[in-house]
Structures are given as C-alpha cells and as structure tokens.
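Here are the chains, one letter per residue:
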Amino acid sequence: MNQVDYLRISLIDRCNFRCQYCMPDSAEIDYILRQDLLTHQELLTLLREVFIPVGFTRFRLTGGEPLLHPGAVELVRAIANQPETKDLSMTTNGFLLSQKAQALYDAGLRRINISLDSLEPETFDKIVGSRGRSRWLQVWEGIQTAYRVGFDPLKLNVVVMPGVNDGEVLDLAALSIDRHWHVRFIEFMPIGNNELFGDRGWIPSAELRQQIRARWGLTESQVCGNGPADVFQIPGAKGTLGFISQMSECFCDRCNRMRLSADGWIRPCLLNESGQIDLKTALREGVSTLELRDRLSELLALKPEINFKERNSGATGAYTRTMSQIGG
Ligand code: SAM
Ligand code: SF4
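Draft legend 1. Structural detail: the environment of glycine 201. Tracing the backbone shows glycine 201 in the loop between helix H7 (194–197) and helix H8 (205–216). In this structure glycine 201 comes out as buried when scored by relative accessible area, which is 3%. The spacing of glycine 201 and proline 190 is 11 residues in sequence and 7.9 Å in space, taken between C-alpha atoms. If we ignore the near neighbours within four places in the chain, the residues touching glycine 201 are Val160, Met161, Pro162 and Phe188.

Draft legend 2. How the structure looks around the pattern of salt bridges. Applying the stated criterion to the full structure yields 8 salt bridges. Between arginine 111 and aspartate 87 there is a salt bridge; the shortest N-O distance is 2.8 Å. Of this pair, arginine 111 sits in strand E4 (residues 111–115) while aspartate 87 sits in strand E3 (residues 87–92); the two residues are 24 residues apart in sequence, bridging distant segments of the chain. Between aspartate 230 and arginine 254 there is a salt bridge whose closest N-O contact spans 3.5 Å. Here arginine 254 lies in the loop between strand E9 (241–244) and strand E10 (257–260) and aspartate 230 lies in strand E8 (residues 230–233), a separation of 24 residues in the sequence. For arginine 254, a relative accessible area of 38% puts it in the partly exposed group.

Draft legend 3. Just the sheet that holds E4, in detail. Judged by pairing direction, the sheet is mixed, and its 12 strands sit side by side in the order E7-E8-E9-E6-E5-E4-E3-E2-E1-E10-E11-E12 without closing on themselves. In this open sheet, the two strands that pair with only one neighbour each are strand E7 (219–220) and strand E12 (277–278). Relative to strand E2 (residues 58–62), strand E1 (residues 6–10) runs parallel, the two being bridged by 5 bridges. Bridge pairing in E2 links leucine 7 to phenylalanine 59. Docked against the sheet, H8 engages strand E5 (154–160), strand E6 (181–187), E8 and E9, running at close to 160 degrees with respect to E9. Contacts from helix H10 (residues 289–306) reach E10, strand E11 (265–267) and E12 within the one sheet, and its direction differs from that of E10 by about 130 degrees.

Draft legend 4. Here's a closer look at the environment of leucine 270. Mapped onto the elements of the fold, leucine 270 is located in the loop between E11 and E12. C-alpha separation for the pair leucine 270 and arginine 259, spaced 11 residues apart in sequence, amounts to 7.7 Å.

Draft legend 5. Here's a closer look at the site of ligand 1. In the vicinity of ligand 1 there are 20 residues, among which Tyr21, Gly64, Ser115, Met189 and Ile191 approach most closely. With respect to ligand 1, the side chain of glutamate 65 contributes an N or O atom lying 3.2 Å from a nitrogen atom. Asparagine 157 places a side-chain nitrogen or oxygen 3.1 Å from an oxygen atom of ligand 1. When ligand 1 is considered free in solution it has 540 Å² of accessible area, and contact with the protein chains removes 96% of it. Within the residue set of the shell around ligand 1, elements represented by two or more residues are E3, E5, E6 and helix H11 (323–326). When the residues that make up the shell around ligand 1 are grouped by side-chain class, the tally is 8 nonpolar, 10 polar and 2 charged.

Draft legend 6. Region of interest: the packing of aromatic side chains. Summed over the entire model, instances satisfying the criterion amount to 10 aromatic pairs. Taking the centre distance of 5.3 Å and the plane angle of 80 degrees together, the rings of phenylalanine 51 and phenylalanine 56 count as edge-to-face. The same class applies to phenylalanine 51 and to phenylalanine 56, which are both buried. The interplanar angle of 85 degrees and the centroid separation of 5.4 Å between the aromatic rings of tyrosine 105 and phenylalanine 151 together place this pair among those described as edge-to-face. Here phenylalanine 151 lies in the loop between helix H5 (136–149) and E5 and tyrosine 105 lies in helix H3 (residues 97–106), a separation of 46 residues in the sequence. The rings of Trp136, Trp140, Tyr147 and Trp181 are connected pair by pair, giving a single aromatic cluster.

Basis of the calculations
- Residues numbered from 1 in each chain as written.
- Chains lettered and ligands numbered in written order.
- Predicted model: local features only at pLDDT ≥ 70, side-chain atom pairs only at ≥ 80, totals over all residues.
- Heavy atoms only, no water.
- Helix = DSSP H or I, 4+ residues; strand = E, 2+ residues; numbered from the N terminus.
- Buried < 20%, exposed > 50% of the residue type's maximum accessible area, 1.4 Å probe, protein only.
- Contact = heavy atoms within 4.5 Å.
- Salt bridge = Lys/Arg side-chain N within 4 Å of Asp/Glu carboxyl O.
- Pairing = 2+ DSSP bridges.
- Axes fitted to C-alpha atoms, helices over the stretch in contact; angles between N-to-C directions.
- Near = heavy atom within 4 Å.
- Polar contact = N/O pair within 3.5 Å; in protein donor to acceptor, adjacent residues only side chain to side chain.
- Areas by Shrake-Rupley, 256 points an atom, 1.4 Å probe, with all protein chains shown as cover.
- Nonpolar A, V, L, I, M, F, W, Y, C, P; charged D, E, K, R; others polar.
- Phe/Tyr/Trp six-rings, centres within 6.5 Å; stacked < 30°, edge-to-face > 60°.

In structure tokens:
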C-alpha cells in the first residue's frame, strides 16, 4: 500500500478572490464560523499528537487563501521547527506575497505554489473575480518577490479552462525556460462551478503536452516529484512543467495524501466525500489524542477503499464543499 504521509491543511475557507472555477459569484458559500475554526493550539495539538505519530511528515498549508489567516507565519514557524517535519509548503493566490514572502521564508517556509491562470491582466481579473480593481500586477509582483526572497522550488499552478485561458498554454509554459520556475497545469475539476465546467470543461494534459512538444520539444524530467504531477521539461529549460491529470488519468493508487479542513474534518479523498472524521469536535469533547490516533489509523487503513476509482470524464459531481473549503 502507498504510504500516506502528506497532509494538506486548510487554514481558512475564506478568500480574497472569487475564482470562477472555485468560488463563482453565483455560489452561495456557507463560511465556517469563527468559533468553528481550529485554533492555532488545536491545530498544533492535532499535528504533534495525532498526525505525526501515525506517520505524517509532509505538510502543505492551503485554503481558501492561507495568507488571510492572521497566524499563518507563526504556524509556518511552529511546523517548520517540528523535528519530524520533512517537508513544508504553501499554496497561495499570491496577492499578499509581496508583503509576506520574506516573513514566511524567515519562519522556515522554502517551497511555495502560486496560482497564476493567465498572463493577460484582463483575463486574469475575469478569472479571479476582480470586481473592477485589477489584481494581476499585485500577484505578479508577489511572484517576483517570492523569487527574489529565494523560494525554491517556486511553482505556478494553472487551471486550464477551454475558451478562457487555453490559448495561453505556450506563454505560460515559456515561464519555465529562463527561470527556475515550475509551471503545473491542472485539469479543471467539476468542483465549485458546474456551469463553467459544462459538458466538458477540461482539456486533457496530453493535448497540452502535444502543443508544447510541437513548439519546443518535451522530455520527461529527471526531477520527478512524489506527488500526482507527471513532470516534463522543455529541453534546456531551467524549470519544469508538471501535469496534474486527475480527470484524464487515475492516480488514486499512488495517492499519498489526506486533507484537513479549517474546521477540523479529516478527508481521505478529494473526489469522494465518504469517510470524513470530525477531529475538532472530538478534541473539544475531550476525546484523548491517543484515541484520535486510533481513529486516524483506522481511516488510513480504509483509504484504499475510499479512494475515488472511476474516471468519469466530464461528469459533474455533486460536491457539497468547494476546493476553497476542502483545502485544494
Ligand atoms: N487560494 C490558494 C490558491 O488559489 O492557490 C490556495 C487554495 S486553492 C483552492 C488551491 C488550488 O486549487 C489552486 O491552485 C486552484 O487553482 C485549485 N483549484 C480550485 N478549484 C479547482 C477546480 N475546480 N479544478 C481544479 N483546480 C482547482
Ligand atoms: Fe481563492 Fe484559491 Fe479558490 Fe481562487 S482558487 S477562489 S484564490 S481559494
């Protein structure tokens, strides 16, 4: 069985963007109430006394927008200083990075993924729901700041949507040529916006690779991650190109992760809602962390059964939580 040692932690379900594919304006989102959010101390207790003892050593902070969490830098420091931590990273929309990149780096964060779905300010602003005030430049400056500060690897996440940003695949791929930037193309999933997803809202990674191969050539990269991305490289490029193909390929058998929501639910599979456990309520009701370890170990044993198995190309799922709520 694949070792499950990677926890994606959603710090907060709120966001300063409303990306069309994640939190469209039309979506009514029930935000987690403040008192239901895991506190700083509860999160650290769960990590130190439950997740680490059962074998989790790699952590990613995400959201919602993790940099909206007032304690984000302190959490980075605490997790980075935990001796068992082998890897710590963050996924952010980059809007607050110009201000926060240095503090995050100083607290011990080294790896960062920044979402960048377009290089065209107008398209970008449309995607992220800018409501009249352009956000593109501030995100671009955030990326540059993170690069200057020294984040490595610095990855740029692109969700490719037909008719929205699929015309920019080559321009986005080109960002990996001169800089140590790793661009990751993610197939659009039917979570968050079924309308935009439509009948077939995603483009298979293989088609993107074909486009890129025709322009520059493409080789399989030696720098292979241990996540779901298939990693390639434009010959001679400094960075790499990753393809996350959860719609066209099935990588459930190599899934190494679970997700912890900002209100303390542990979720074994992104695409299957069963099996979730409410760790926060149990903790608040006085259930011992030893008992919670047992519950988590049982869930880990069940994960291969819970993992999503069928690729249903283009079917829209009835997900009750968006990526911003799950911790994408
Ligand atoms: N706010 C941060 C950000 O945007 O990077 C972190 C949270 S966001 C939910 C994490 C990742 O999920 C982003 O890279 C985003 O593009 C991706 N995502 C959100 N909704 C998605 C969808 N329906 N299909 C594919 N990826 C999605
Ligand atoms: Fe916010 Fe990230 Fe979702 Fe966009 S993808 S709305 S930035 S949580």
